[in-house]
Amino acid sequence: MPVGVVLRRTPGVTRWAKWAWRAVAVLPGAGPAQWRELRRQGDTVEYHAATVPLELYRAETEAYLHGIAARAPAVYVVMRKVTGEHPFEVLLVTASPYEAQDYCDSGEDIVEKVPMPPGLLAWVGDFVGRHHQEEEFVKRRRDRAKVDGRQDGIGDPRIPKPGDIYASPALKRERLQ
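Cut-off values and rules
- Residues numbered from 1 in each chain as written.
- Predicted model: local features only at pLDDT ≥ 70, side-chain atom pairs only at ≥ 80, totals over all residues.
- Heavy atoms only, no water.
- Helix = DSSP H or I, 4+ residues; strand = E, 2+ residues; numbered from the N terminus.
- Contact = heavy atoms within 4.5 Å.
- Areas by Shrake-Rupley, 256 points an atom, 1.4 Å probe, with all protein chains shown as cover.
- Pairing = 2+ DSSP bridges.
- Axes fitted to C-alpha atoms, helices over the stretch in contact; angles between N-to-C directions.
- Parallel < 35°, antiparallel > 145°, perpendicular 65-115°, else oblique.
- Left-handed = near helix turned anticlockwise from the far one by under 90°.
- Nonpolar A, V, L, I, M, F, W, Y, C, P; charged D, E, K, R; others polar.
- Phe/Tyr/Trp six-rings, centres within 6.5 Å; stacked < 30°, edge-to-face > 60°.
- Lys NZ or Arg CZ within 6 Å of the ring centre and 35° of its normal.
- pLDDT = per-residue confidence, 0-100.
- Core = buried A, V, L, I, M, F, W, Y, C linked by side-chain atoms within 4.5 Å.
- Buried < 20%, exposed > 50% of the residue type's maximum accessible area, 1.4 Å probe, protein only.

Novice: Please clarify how the overall build of the protein chain should be interpreted in this entry.
Specialist: A count of helices and strands for the protein chain gives four helices and seven strands. Taken from N to C terminus, the helices and strands of the protein chain fall in the order β-β-β-β-α-β-β-α-β-α-α. For the protein chain, contacts bridging at least 24 residues in sequence account for 59% of all contacts bridging at least 6. Accessible surface, the protein chain: about 13,000 Å² in total, of which carbon and sulfur atoms supply 51%.

Novice: Is there a simple way to explain the sheet that holds strand β7 (residues 110-115) in this structure?
Specialist: Either a parallel or an antiparallel arrangement is found when strands of a sheet pair, and the pairing is made through backbone hydrogen bonds. Ordered by their spatial adjacency, three strands build an open sheet running β6-β5-β7, and the pairing between neighbours is antiparallel. Either end of the sheet is taken by a strand with one partner, and the two such strands are β6 (88-94) and β7. Averaged over all pairs of adjacent strands, the angle between their axes in this sheet comes to 30 degrees, without regard to strand direction. When strand β5 (residues 74-81) meets β6, the two strands line up antiparallel, connected through six bridges. Looking across to β6, one finds that R80 is bridged to E89. Each of β5, β6 and β7 touches helix α2 (residues 97-106); the most contacted strand, β6, lies at about 150 degrees to it.

Novice: Would you mind showing me how to read the packing of helix α1 (residues 61-68) against helix α3 (residues 118-131) here?
Specialist: Axes are the key here: two packed helices are described by the angle between their axes and the distance separating the axes. At a closest axis distance of 10 Å, the pairing of α1 and α3 adopts a crossing angle of 140 degrees. It follows that α1 is oblique to α3 by the angle criterion. Note that α1 runs across α3; the crossing there is left-handed. In this structure, α1 contributes T61, Y64, L65 and I68 to the contact, and α3 contributes L121, V124, G125, F127, V128 and H131. By residue class, the composition of the contact of α1 with α3 is seven nonpolar, three polar and no charged.

Novice: Before we go on, may I ask you to explain the packing of aromatic side chains in this structure?
Specialist: By convention here, two paired aromatic rings are described through the distance between centres and the angle between planes. Tallied over the full model, the rule gives five aromatic pairs. Measuring from ring centre to ring centre gives 6.3 Å for Y64 and F127, while their planes differ by 70 degrees; the resulting arrangement is edge-to-face. Of this pair, Y64 sits in helix α1 while F127 sits in helix α3, and the two are 63 residues apart along the sequence. Connected via pairs of aromatic rings, a cluster forms that spans W21, W35, Y47 and F88. The cationic tip of R9 hangs over the ring face of W19; the distance from NZ or CZ to the ring centre is 3.9 Å.

Novice: Whenever I open this one, the confidence of the model for the protein chain confuses me. Can you help?
Specialist: The predicted structure's coordinates, where accompanied by low pLDDT, should not be read in detail. A residue-level look at the protein chain finds 83% of positions with pLDDT of 70 or above and a mean pLDDT of 83. When pLDDT is averaged over each helix and strand of the protein chain, the minimum, 69, is found for helix α4 (residues 169-176) and the maximum, 92, for β5.

Novice: Just to check I follow, could you spell out the nonpolar core for this structure?
Specialist: Nonpolar side chains in soluble globular proteins generally cluster together in the buried interior. L7, V77, V90 and V93 are the most contacted members of the largest nonpolar core, which has 28 residues in total. Those elements that provide at least two residues to this core are β1 (2-11), β2 (19-28), β4 (44-53), α1, β5, β6 and α3. With five residues, β4 is the single largest residue contributor to this core. Beyond its immediate sequence surroundings of up to four residues, V90 is in contact with V5, A49, A50, V52, V77, V78 and M79.

Below you can see the structure in the form of structure tokens.
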């Protein structure tokens, strides 16, 4: 589904940041747009920055279910700072909080949490209802591997280590044999 991303530019609160940018809304089913101005009130301006596809996958229904069952269901807008006429490039919109966390971990991208509109919530909920299958928890058992020989956790005795400086001569002889 094509989803438009609305970014708001407000005056910065410090002398080092002239503007503060924030993703404030998404527009389900929006047409193409390239930084079209939607609203202006004083120095605050809202732009329809981009329209990107929101794709849902059957393998990620658990993540979508987690996202729509939250107190405030949300979608996540992933942006990247760029140099040029516009300050951000909108990479994607996702309904998966797990995928959003992955983008946060990289540190290169900006991830904004935006409230999910009711129509989009119904669409994602319908997808989850049709494709989600609970996975039964299976506790793994340890392998009955037989471990012969002595392992002291030290490693190869032929390689000197800084810890060998204070080892007793008897312990060193025992390791080398």
